[in-house]
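Spelled out, the chains give:
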Amino acid sequence: MADYVQQRLEDRIPGLEQLERVGLFTRKEVKSMLKRSTALEYKLHRSVLSKADFVAYIQRIGYQFKREDIEFPIISRVTSVFRRATTKWQEDVQLWLSHVAFSKKWGTKAQLSKVFSSMLAIHPDKPTGLWIMAAKCEMEDLDSSESARHLFLRALRFHPENKKVYQEYFRMELMHAEKLRKQQHELELAKIDLVCTTFSILILACVAYQLSLTKLLLVVDVTIFVHVKGPILQKEHTDDSVTWDFMARRELEAAGAPELRSAQGRASDTNRREERCCAVYEEGLRSLNTEPMWTCYLTFCLDRFKRKTNFAELKQKVSLQVLLSSGETESAAQVAIAATKRFSQSLETWNLSLQTLVHLERAEAGLLFQEALKNVNPKDSLSLWQLQAEWNMVSQTPEETEALFQKALSSPVPAISAALKETYLEWAYKTSGYKKARKIFKSLHEHRPFTKAFFTKMIQIEKEQEKPNMSNLRDYYERALREFGSSDDDLWMGYIREELGAHGSPENCGKLHWRAIKSLVGESVERFTTQYTLMQTGHI
């Protein structure tokens, strides 16, 4: 055993010498590291092995250096330790995922594929997320659609009834088909023919599509599929809102006339295509009067107005009404209002309708917010409260906005009361200044429940002042730590950094460190210790 340990330590010496030469560590620190590594190496070669020892060693040597000649031996050593650990504790999926994360950040492409392959060979029947993660990595990180396809086909052998695998497999083939289509377009411009290759890829997409249909998986983005199955969708699946959504949005993608060179001409052409798109949606509503169909139409309306709002902002705050005809705004408003009447208990319908009315600056929004809160389950209504708060802050009087926040604070649903506190605090600061914000904070700091953001927002406000009050900052941190001090290591680190800052007292850091170690539990202790040590050594 001693020979193995000695060999591994000798392998480390060149890297450690380089650390000393570039000035990252002193000779004394290098000797200390070598001594600690010796103890850890012996633990890894005992007859009775402990997973904790392997994890501790990985955390110790997994230091991020920027110098290539230092970086490579450290990465190789961590990889070696991971390999030994996953061989010993093959059943630990979390350990495998840690190896994947490390290889993704530091390893080679071949190494990442090998880790996934080994993990799936041992855990083929584990949750399908592992298979999907591996396939997405091959497709997106390693740019290998062939490997991703093989992984999905293998996953289907072990999970033949899993809808998520079929859906992701279909999505992957569509993405690849679209990628090939774009490449073909570029090659056509260069007078190069790639039709046969692209056609074979589209056939694979068709196979995935048919598999998905057998599993009732038309809940995917079919816009890419226009070049493969457009006619079949129109003919055989008009009872599905996704089909109508696809056909409507295809009108938007239709190429404009090439002779339209002026901005006014292009804008008119865009408006005509949008009108054709609306006509398809309305035909869909007549044929398929369901909530998903209404949702598709409302989503389109909202996306349309968001685009035009962004354009208006780019043009020096031109009103949205200038860019839309009265007929367009009235039609969209009527669709939004009609949807809420038909599906009065649907949270998604209310959200989309109210967002549309808010973008159109319609007066009906105020009354409909009240109607929405009456019909939607209070436990699900947080997004409605947040949307109404945003609307009130820009379009209502301060008194009305204040009343809304007070009403939210008295909500019987804790999530609503907690989330709106931060928004209330930010609004008070922006509209009435620091004193108002601090007054509201003091009135609410015992009004549970809280979110961490409520305290960090007040800390941020205090730090924005010309002369931040350190006594106030300590008070905010102490109150936050009473609520989240047992699990949030970032709060403790933030508090310590404040004490190390220009307005703090560095002598308080030792006591804060001791309190943090006593208060934190679980993995948060290790994270805090690591961050504190890196801060002390000047590496963060």
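About the thresholds
Throughout this description, residue numbers start from 1 for each chain and increase along the sequence as written. Only residues with pLDDT of 70 or above have their local features reported here, since the model is predicted, and side-chain atom pairs are shown and tallied only from 80 upward, although totals for entire chains, interfaces and linings are computed over all residues. With hydrogens and water excluded, all non-hydrogen atoms of the structure serve as input to the side-chain values. Elements are defined by DSSP. Helices are runs of H or I of four residues or more, strands are runs of E of two residues or more, and each kind is numbered from the N terminus. Whether two residues touch is decided by their heavy atoms; if any such pair falls within 4.5 Å, the residues are in contact. Per-residue accessibility takes into account occlusion by the displayed protein chains alone, with areas from the Shrake-Rupley method and a 1.4 Å probe. By convention in these notes, a salt bridge is any Lys or Arg side-chain nitrogen within 4 Å of a carboxyl oxygen on Asp or Glu. Three exposure classes are used, based on accessible area relative to the maximum for each residue type with a 1.4 Å probe and protein chains only: buried under 20%, partly exposed in between, and exposed over 50%. Helix axes are fitted only over the stretch in contact, all axes being lines through C-alpha atoms; the angle between N-to-C directions runs from 0 to 180 degrees. An angle below 35 degrees is read as roughly parallel, one above 145 as roughly antiparallel, one from 65 to 115 as roughly perpendicular, and any other as oblique. Two helices that cross are described as forming a left-handed crossing if the nearer one is turned anticlockwise from the farther one by less than a right angle, and a right-handed crossing if clockwise. Think of a nonpolar core as a cluster: buried Ala, Val, Leu, Ile, Met, Phe, Trp, Tyr and Cys residues, connected wherever their side-chain atoms sit within 4.5 Å. Any N or O atom pair separated by 3.5 Å or less is treated as a polar contact, with the protein-specific requirement of one donor-capable and one acceptor-capable atom, and with residues adjacent in sequence counted only for side-chain atom pairs. To estimate how far a helix should reach, multiply one less than its number of residues by 1.5 Å. Pairing of aromatic rings covers Phe, Tyr and the six-membered ring of Trp, with a centre-to-centre limit of 6.5 Å; geometry is then stacked below 30 degrees between planes, edge-to-face above 60, and tilted otherwise. When we speak of the arc, we mean the arc of directions from the helix axis to the C-beta atoms. For this scheme, ten residues count as nonpolar: Ala, Val, Leu, Ile, Met, Phe, Trp, Tyr, Cys and Pro. Four count as charged, namely Asp, Glu, Lys and Arg, and the remainder, Gly too, count as polar. The predictor attaches a confidence to each residue, and that confidence, scored 0 to 100, is pLDDT.

(A) Structural view of the overall build of the protein chain. Looking only at helices and strands, the protein chain features 27 helices and zero strands. Taking the intrachain contacts of the protein chain between residues at least 6 apart in sequence as the baseline, contacts between residues at least 24 apart amount to 57%. Looking at the protein chain as shown, the accessible area adds up to about 29300 Å², and 53% of this sits on carbon and sulfur atoms.

(B) Spatial organisation of unusual backbone geometry. Omega for the bond connecting arginine 448 with proline 449 falls within 30 degrees of zero, at 5 degrees, which places this linkage in the cis form. You can see proline 449 is positioned in the loop between α22 (434-444) and α23 (452-463). Positive phi, close to 55 degrees, is recorded for glutamate 361, a residue that is not glycine. Note on placement: glutamate 361 falls in the loop between α17 (347-359) and α18 (364-375).

(C) Expanded view of the pattern of salt bridges. Counted by the stated rule, this structure contains 18 salt bridges. Close ionic contact of arginine 149 with glutamate 146 constitutes a salt bridge, the shortest N to O distance being 2.9 Å. One end of the pair, arginine 149, and the other, glutamate 146, are both in helix α8 (residues 145-158), three residues apart, so they sit about a helical turn from each other. The residue arginine 515 makes a salt bridge to glutamate 478 at a minimum N-O spacing of 3.0 Å. On the criterion of sequence distance, the pair formed by arginine 515 in helix α26 (residues 509-519) and glutamate 478 in helix α24 (residues 470-484) is long-range, its members being 37 residues apart. Take arginine 515: its relative accessible area is 23%, and that puts it in the partly exposed class. Since its relative accessible area comes to 21%, glutamate 478 is described here as partly exposed. One salt-bridge network, in which partners are shared between bridges, spans Lys136, Lys164, Glu168 and Arg171.

(D) Expanded view of the packing of α22 against α23. With their axes 11 Å apart at the nearest point, α22 and α23 run at an angle of 150 degrees to one another. Between α22 and α23, the angle falls in the class roughly antiparallel. Pair α22 / α23 crosses with left-handed handedness. Along the contact surface, α22 presents Tyr434, Ala437, Arg438, Phe441 and Leu444, while α23 presents Phe454, Phe455, Met458, Ile461 and Glu462.

(E) Expanded view of the nonpolar core. Core analysis: the biggest nonpolar cluster contains 83 residues, and Tyr281, Tyr297, Leu354, Leu420, Leu425 and Phe528 have the highest contact counts within it. When residues of this core are assigned to their parent elements, the largest contribution, nine residues, is made by helix α14 (residues 291-314). If sequence neighbours within four positions are ignored, leucine 354 has contacts with Ala365, Leu368, Phe369, Ala372, Leu384 and Leu387. Core analysis: the next-biggest nonpolar cluster, separate from the first, contains 24 residues, Val100, Val115, Ala134 and Ala135 among them.

(F) Seen up close, the environment of cysteine 509. Residue placement: cysteine 509 occurs in helix α26. Residue classification places cysteine 509 among the buried residues on the basis of a relative accessible area of 6%. Once the C-alpha coordinates of cysteine 509 and arginine 497 are considered, the two residues, twelve residues apart in sequence, prove to be 8.5 Å apart. Apart from residues lying up to four places away in sequence, cysteine 509 is in contact with Ile496, Glu499, Leu500 and Tyr532.

(G) Representation of the side chain of histidine 123 within the structure. Looking at where histidine 123 falls in the secondary structure, it is placed in the loop between α6 (109-122) and α7 (129-141). Side-chain polar atoms of histidine 123 contact the backbone oxygen of glutamine 90, separated by 2.6 Å. The contact partners of histidine 123, leaving out residues within four places of it in the chain, are Gln90, Glu91, Val93, Trp96, Leu130 and Trp131.

(H) Spatial organisation of α7. Between its first and last C-alpha atoms α7 spans 17 Å; for 13 residues at 1.5 Å apiece the expected length is 18 Å, and the two agree. Listed as buried for α7 are Leu130, Trp131, Ile132, Ala134, Ala135, Cys137, Glu138 and Met139. Within two residues after α7, aspartate 143 carries a phi angle of roughly 55 degrees, on the positive side.

(I) Broad picture of the packing of aromatic side chains. Applying the stated criterion across every chain yields a total of 18 aromatic pairs. One aromatic cluster is present, formed by Phe441, Phe450, Phe454, Phe455, Tyr476 and Phe484 through successive ring pairs.

(J) Representation of helix α27 (residues 523-536). The terminal C-alpha atoms of α27, which comprises 14 residues, lie 20 Å apart, in line with the 20 Å expected from a rise of 1.5 Å per residue. Looking only at α27, the buried set comprises Ser524, Phe528, Tyr532, Leu534 and Met535. Looking straight down α27, one finds its buried side chains confined to an arc of 165 degrees; they lie on one side. Next to the buried residues of α27 lie α25 (489-500) and α26. Two residues or fewer past α27, glycine 538 is found with a positive phi of approximately 80 degrees.

(K) Quick peek at the side chain of serine 353. Relative to the helices and strands, serine 353 resides in helix α17. For serine 353, the residues in contact, after removing those within four places along its chain, are Leu298, Ala336, Ala339 and Thr340.

(L) Looking closely at the environment of tryptophan 244. Its place among the elements puts tryptophan 244 in helix α12 (residues 241-253). For the pair tryptophan 244 and methionine 293, spaced 49 residues apart in sequence, the C-alpha to C-alpha distance is 7.8 Å.

(M) Fine view of the packing of helix α5 (residues 93-106) against α7. With their axes 13 Å apart at the nearest point, α5 and α7 run at an angle of 5 degrees to one another. The angle between α5 and α7 falls in the class roughly parallel. Residues Val93, Leu97 and Lys104 of α5 lie in contact with α7, whose contacting residues are Leu130, Met133, Cys137 and Asp141. Grouping the constituent residues of the contact of α5 with α7 by class yields five nonpolar, no polar and two charged.

(N) Region of interest: the confidence of the model for the protein chain. Across the protein chain, the average pLDDT comes to 78, with 76% of residues at 70 or higher. Every residue in residues 194-200 scores below 50 in pLDDT, and together they form six contacts with partners more than four places removed in sequence or on other chains.

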